[in-house]
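Next come the chains, spelled out residue by residue.
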Amino acid sequence: MVRPYKEGIDYFPLDIDMDQDDKVAIIEAKHGIEGFGVLVKLLMKIYKEGYYYEWNDREQLLFSKRVNVNINLVQEIVNDCIEEGLFDKNLFNEYRVLTSKGIQRRYLEAVKRRKEVRFIADFFLIQDVKSVLGNSKTAVLLVHDDGNEVNVNNNSNNVSNSTQRKVKKRESKEKDSKEYQSKELGPEKSSDADNDALVFYQQNFGLLRPNMSEKILAWIEDLGDAMVIKAMEKTLEQNKSNWAYTESILKNWSSKGITTLEQVEAEGVQFQNQNKSNGNKNHEVIPTWFNQQQSESQPKPSIDSDAQALDLGIRLNRSLDDLLTGSMERYGLTGEEVETVKNGDMTALELLQSKSKLRAVGN
């Protein structure tokens, strides 16, 4: 099925007497204030994405972690919301998506000043668009499986063929991208694992236990699925199948500020070139960071790497306690000093150089 882009909205109306609605009251009666909170969080997620939320196994796990509610309870609440009609039951059973006519009406009301808005035709539940948009000129485009778009708002101008060509072009690019990724990862990798680190782990490392999924999800939020999968691939290339090795790779990338696959490839090329220049063509290629981690009893402090780690931690909004653990403890930094880096008054490298007796290379 064609999946056109979804444009979220910055806010959505929440009736002040929402809890007086019988459907909502039932959810709160069964699950307490936690049930009401989960429902509101689901609505926030839906409107942030657009007008629906794909409720697959991965999203259930991520959502339960973000709202800090047991996944089994979240599933119970969602099932009760579906039974009460807060989410459309037919669309959920067929497509595993959370949406409703009311959600789509409020979304359409919020975006009616846009030039055009797209809906997946099979998901669209509004029968009378004019009752929502009035005299708005917004083109409401229903996108069908074949990529064709139909404008259902008679008040707007007809959509030109160029719009359909853009959709076709976008689909073509997505297809080419997926084919390229498939070639890069090899024929034995499944399509599900191409973009889902949790699935990749289960297919290549073993059973995914709750504590392990928490660790993987934390790295996914920091670096994304693609980077976590790449780290696991590098682990397998070394004939290893343990998460500790994968996490050491991720920690190394994080400390160096490496956050994209392009940067990973660039680092690999740089290492290969350096290895050749040292005349080690006939020796096994072992990354220097791995040797460093294997000899933690004799650490070699590096201001540059510590500065990169501090910069990355600040960008990821980590707490002060998290920022100042590990090798950072030896600098004796204070919260006020870290704030100077956050505010751009000085760089992380300048701060660490001023706090350490070690001299940076080149100074």
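See above for the structure.
Residues numbered from 1 in each chain as written. Predicted model: local features only at pLDDT ≥ 70, side-chain atom pairs only at ≥ 80, totals over all residues. Heavy atoms only, no water.

## Things to note about the side chain of aspartate 306
Right, so step 1: Turning to its location among the elements, aspartate 306 is positioned in helix α14 (residues 303-315).
Right, so step 2: Polar contacts involving the side chain of aspartate 306 include one to the side chain of tyrosine 331, which spans 2.8 Å. (Helix = DSSP H or I, 4+ residues; strand = E, 2+ residues; numbered from the N terminus. Polar contact = N/O pair within 3.5 Å; in protein donor to acceptor, adjacent residues only side chain to side chain.)

## Let's talk about the pairing of strand β3 (residues 116-120)
Right, so step 1: The element β3 is largely enclosed, with a buried count of four among its five residues.
Right, so step 2: As defined by bridge partners, β3 adjoins strand β4 (residues 139-143) across five bridges and the pair is classed as parallel. Directly across from isoleucine 120, in β4, lies its bridge partner valine 143. (Buried < 20%, exposed > 50% of the residue type's maximum accessible area, 1.4 Å probe, protein only. Pairing = 2+ DSSP bridges.)

## Digging into helix α5 (residues 101-110)
Right, so step 1: Every buried residue of α5 is accounted for by Ile103, Gln104, Tyr107 and Leu108. For α5, the angular spread of the buried residues around the axis is 130 degrees, confining them to a single face.
Right, so step 2: Of the surrounding secondary structure, the elements contacted by the buried residues of α5 are α1 (22-49), β3, α6 (130-133) and β4. (Arc of directions from axis to C-beta. Contact = heavy atoms within 4.5 Å.)

## Notes on the packing of α1 against α5
Right, so step 1: Taken N-terminus to C-terminus, the directions of α1 and α5 make an angle of 50 degrees; their axes are 11 Å apart at the nearest point. Looking at the two axes, α1 sits oblique to α5. Handedness of the α1/α5 crossing: right-handed. Seen from α1, the contacting residues are Leu43, Ile46 and Tyr47; seen from α5, they are Gly102, Ile103, Arg106 and Tyr107.
Right, so step 2: Here the contact of α1 with α5 is composed, by residue class, of five nonpolar, one polar and one charged. (Axes fitted to C-alpha atoms, helices over the stretch in contact; angles between N-to-C directions. Parallel < 35°, antiparallel > 145°, perpendicular 65-115°, else oblique. Left-handed = near helix turned anticlockwise from the far one by under 90°. Nonpolar A, V, L, I, M, F, W, Y, C, P; charged D, E, K, R; others polar.)

## A short note on the packing of helix α11 (residues 243-256) against α14
Right, so step 1: Direction vectors running N to C along α11 and α14 enclose 90 degrees, while the axes themselves pass 6 Å from each other. The angle between α11 and α14 falls in the class roughly perpendicular. On the side of α11, the interface is formed by Ser254, Ser255 and Lys256, while α14 contributes Ser305, Gln308, Ala309 and Leu312.
Right, so step 2: In terms of residue class, the contact of α11 with α14 is made up of two nonpolar, four polar and one charged.

## Observations concerning the packing of aromatic side chains
Centre-to-centre distance and the angle between the planes together describe a pair of aromatic rings.
Right, so step 1: Overall, the coordinates contain 13 aromatic pairs when judged by the stated rule.
Right, so step 2: Measuring from centroid to centroid gives 4.8 Å for phenylalanine 119 and phenylalanine 124, while their planes differ by 65 degrees, and the two rings are edge-to-face. Across this residue pair, the class does not change: phenylalanine 119 and phenylalanine 124 are buried.
Right, so step 3: The rings of Tyr51, Tyr52, Tyr95, Tyr107, Phe119, Phe123 and Phe124 are connected pair by pair, giving a single aromatic cluster. (Phe/Tyr/Trp six-rings, centres within 6.5 Å; stacked < 30°, edge-to-face > 60°.)

## Quick notes on the pairing of β4
Right, so step 1: Burial within β4 is extensive, with five of its five residues counted as buried.
Right, so step 2: The side-chain alternation of β4 yields two buried faces, one formed by Ala139, Leu141 and Val143 and the other by Val140 and Leu142.
Right, so step 3: As paired elements, β4 and strand β5 (residues 149-151) share three bridges and run antiparallel to each other. Bridged to leucine 142 within β5 is valine 150.
Right, so step 4: Where β4 folds back on β5, the antiparallel hairpin that results is connected by five residues, among which glycine 147 adopts a positive phi of roughly 95 degrees.

## Let's talk about unusual backbone geometry
Right, so step 1: Although it is not a glycine, asparagine 68 sits at a positive phi angle of roughly 60 degrees.
Right, so step 2: Summarising the element assignment, asparagine 68 is placed in the loop between α2 (57-67) and α3 (71-83).
Right, so step 3: Even without being a glycine, asparagine 239 presents a positive backbone phi close to 60 degrees.
Right, so step 4: Within the secondary structure layout, asparagine 239 lies in the loop between α10 (225-237) and α11.

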